[in-house]
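# Observations on chain architecture
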Amino acid sequence: MKSKIRIAGLFTACAFIIYGFTRGEALVVLNKAVNICLECIGLG
Amino acid sequence: MDKNMKLPFAIKRKLLQIIAFGCSNSHLLNFKGGKLYTGKWKQFCNPGLNCYSCPAAGFACPIGALQAVNGSRQFSFSFYVTGLLLAFGVLLGRAVCGWLCPFGLLQELIHKIPSPKRKLKKGFLYLKYVVLVVFVLILPVAVTDYMGMGKPAFCQYICPAGTLEGGLSLLLAHESLRKAVGGLFSLKMTILVLTLLGCVFFYRFFCRTLCPLGAIYGLFNKVSIFHLEVDSHKCVGCGNCKKTCGMEVDPVKTPDSAECIRCGACADTCPTGAIHLGFSAKCSKTLPL
Ligand code: SF4
Ligand code: SF4
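Residues numbered from 1 in each chain as written. Chains lettered and ligands numbered in written order. Predicted model: local features only at pLDDT ≥ 70, side-chain atom pairs only at ≥ 80, totals over all residues. Heavy atoms only, no water.

The helix and strand inventory of chain A stands at two helices and zero strands. For chain A, the spread of C-alpha atoms along the principal axes amounts to about 50 × 25 × 10 Å. Total accessible area on chain A is roughly 2,400 Å²; 72% of this is exposed by carbon and sulfur atoms. (Helix = DSSP H or I, 4+ residues; strand = E, 2+ residues; numbered from the N terminus. Areas by Shrake-Rupley, 256 points an atom, 1.4 Å probe, with all protein chains shown as cover.)

Residue and element names in this part refer to chain B. When cut into domains, chain B gives domain 1 (3-219) and domain 2 (227-289). Here the C-alpha centroids of domain 1 and domain 2 sit 28 Å apart. Counting residues at the interface gives 23 residues for domain 1, matched by 15 residues for domain 2. Where domain 1 abuts domain 2, roughly 1,400 Å² becomes buried across the two surfaces, and 55% of that area is made up of carbon and sulfur atoms. There are three salt bridges connecting domain 1 and domain 2. Between Glu248 and Arg208 there is a salt bridge whose closest N-O contact spans 2.8 Å. Run the count over domain 1 and domain 2 and you get seven residue pairs in polar contact (both at pLDDT 80 or more). Contributing elements (two or more residues each) for the side of domain 1 that touches domain 2: helix H1 (9-24), helix H4 (79-92), helix H5 (95-100) and helix H7 (127-142). Counting residues per element, the side of domain 1 that touches domain 2 draws most heavily on H5, at four residues. (Domains from an automatic or database assignment. Contact = heavy atoms within 4.5 Å. Buried area = accessible area lost by both parts, 1.4 Å probe. Salt bridge = Lys/Arg side-chain N within 4 Å of Asp/Glu carboxyl O. Polar contact = N/O pair within 3.5 Å; in protein donor to acceptor, adjacent residues only side chain to side chain.)

Residues and elements named next belong to chain B. Cis peptide bonds are those with omega within 30 degrees of zero, and the linkage from Leu287 to Pro288 qualifies with -5°. Residue position: Pro288 is located in the segment after strand E3 (286-287). Phi is positive for Arg204, which is not a glycine, with a value near 50°. Mapping Arg204 onto the fold places it in the loop between helix H11 (183-201) and helix H12 (205-209).

Moving on: the pattern of salt bridges. Should the charged atoms of two oppositely charged side chains come close, the side chains can pair. Residues and elements named next belong to chain B. Under the counting rule described, the total for this entry stands at 13 salt bridges over all chains. For Glu108, the salt bridge is made with Lys14, and the minimal N-O distance between the two is 2.7 Å. Of this pair, Glu108 sits in helix H6 (residues 102-111) while Lys14 sits in helix H1, and the two are 94 residues apart along the sequence. Assessed through its relative accessible area of 6%, Glu108 is described here as buried. The shortest N-O distance in the salt bridge between Arg262 and Asp256 comes to 3.5 Å. According to the relative accessible area criterion, Arg262 is buried, its value standing at 0%. Judged by its relative accessible area of 19%, Asp256 falls in the buried class. Salt bridges sharing partners connect three or more residues here, namely Arg13, Lys14, Glu108 and Arg204. (Buried < 20%, exposed > 50% of the residue type's maximum accessible area, 1.4 Å probe, protein only.)

Our focus in this paragraph is the site of ligand 2. In the vicinity of ligand 2 there are 13 residues, among which Cys235(B), Cys238(B), Gly239(B), Cys241(B) and Cys270(B) approach most closely. Here the residues of the shell around ligand 2 are counted per class, giving nine nonpolar, four polar and no charged. (Near = heavy atom within 4 Å. Nonpolar A, V, L, I, M, F, W, Y, C, P; charged D, E, K, R; others polar.)

Side chains of Phe124(B), Leu127(B), Val130(B), Val133(B), Val134(B), Leu137(B) and Ile138(B) sit close together on the surface and give an oily, nonpolar patch of about 550 Å² of accessible area. By secondary structure assignment, the location of Val133(B) is in helix H7. (Patch = residues over 30% accessible without salt bridge, like charges linked within 9 Å, V, L, I, M, F, W, Y side chains within 5 Å.)

Looking now at the interface of chain B and chain A. Opposite the 52 residues of chain B that make contact, chain A presents 32 residues. With both chains or domains summed, chain B and chain A bury close to 3,400 Å², and 75% of this area falls on carbon and sulfur atoms. Where chain B meets chain A, there are two salt bridges. Measuring nitrogen to oxygen at the nearest pair gives 3.5 Å for the salt bridge that ties Lys2(A) to Asp256(B).

Residues and elements named next belong to chain B. By the criterion of burial, helix H13 (residues 212-219) is predominantly enclosed, with seven of the eight residues buried. Among the residues of H13, Pro212, Leu213, Gly214, Ala215, Ile216, Tyr217 and Gly218 are the ones counted as buried. Elements in contact with the buried residues of H13: helix H3 (62-70), H4, H5, H7 and helix H8 (153-157).

Listed below in structure tokens is the structure:
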């Protein structure tokens, strides 16, 4: 049972990553991460 | 290698924690000018908590990234970050906290400061789930501005890693940022100081009470490939493992506890070698029966 959940989990993870990446989510992450985040540093 | 010559988990883990800390924060020269690393690697998330506004950070923080995408104008759910968290969770569970998280290592070092060490009341353990649901999942999507953009509420009101790694280092480097300091910064500094003080007295205080990433990975401990087993043929019920565990877990009773960070301290202390920690199943019969 556990191994089936693990396989399903990894399969879903791969599908999510590929789908999210191709629709441009990684660019949103990049854009947020390369600029100073005022919320993170306590000013926003 | 001879079984008796195996390195204890304590040493293997410390080595990997230091390597992970270095890999997550490799741009040390950026501290000088108070700049951030702006290369392509920052579109990928670190498995552990590490603020992307820290000048040395080479990757994105998964909790910051999740809030950023969920609260963005284009998307309201991040398949990308959720997929990464799912993959890390299924592969490693909370071993991410124990072996790879930079803020986890920092908390362990602070806990070494000589002081009376305390046990945590169980109720505090549930606080991190409230933080996850309210500050990471709900607020960034529910509270938006006129452009439809939400703010990362966990980063904004709580995250002590951001205040320490990003806030203090950038404020030291930029006078313009120092001039903008206000009530929000005071709130975050208070949380940071309380967290650091908590870590002196309680083992991994932040991980156990507030960390939303720990809350997520803990949910995977029941199914993660990297796991802990107690061999029922070898265990003599001495209780050493429970006494040693900094996270106050009894691995004999709850080997898959959401609080177990798979540190291996119990396996190192077990006199009969009953505890196995790793990717493969080793015991024919495991506890609890
Ligand atoms: S049960 Fe063992 S591996 Fe888990 S946190 Fe406690 S000492 Fe570490
Ligand atoms: S230390 Fe080993 S032998 Fe003792 S109770 Fe724990 S698992 Fe059993």
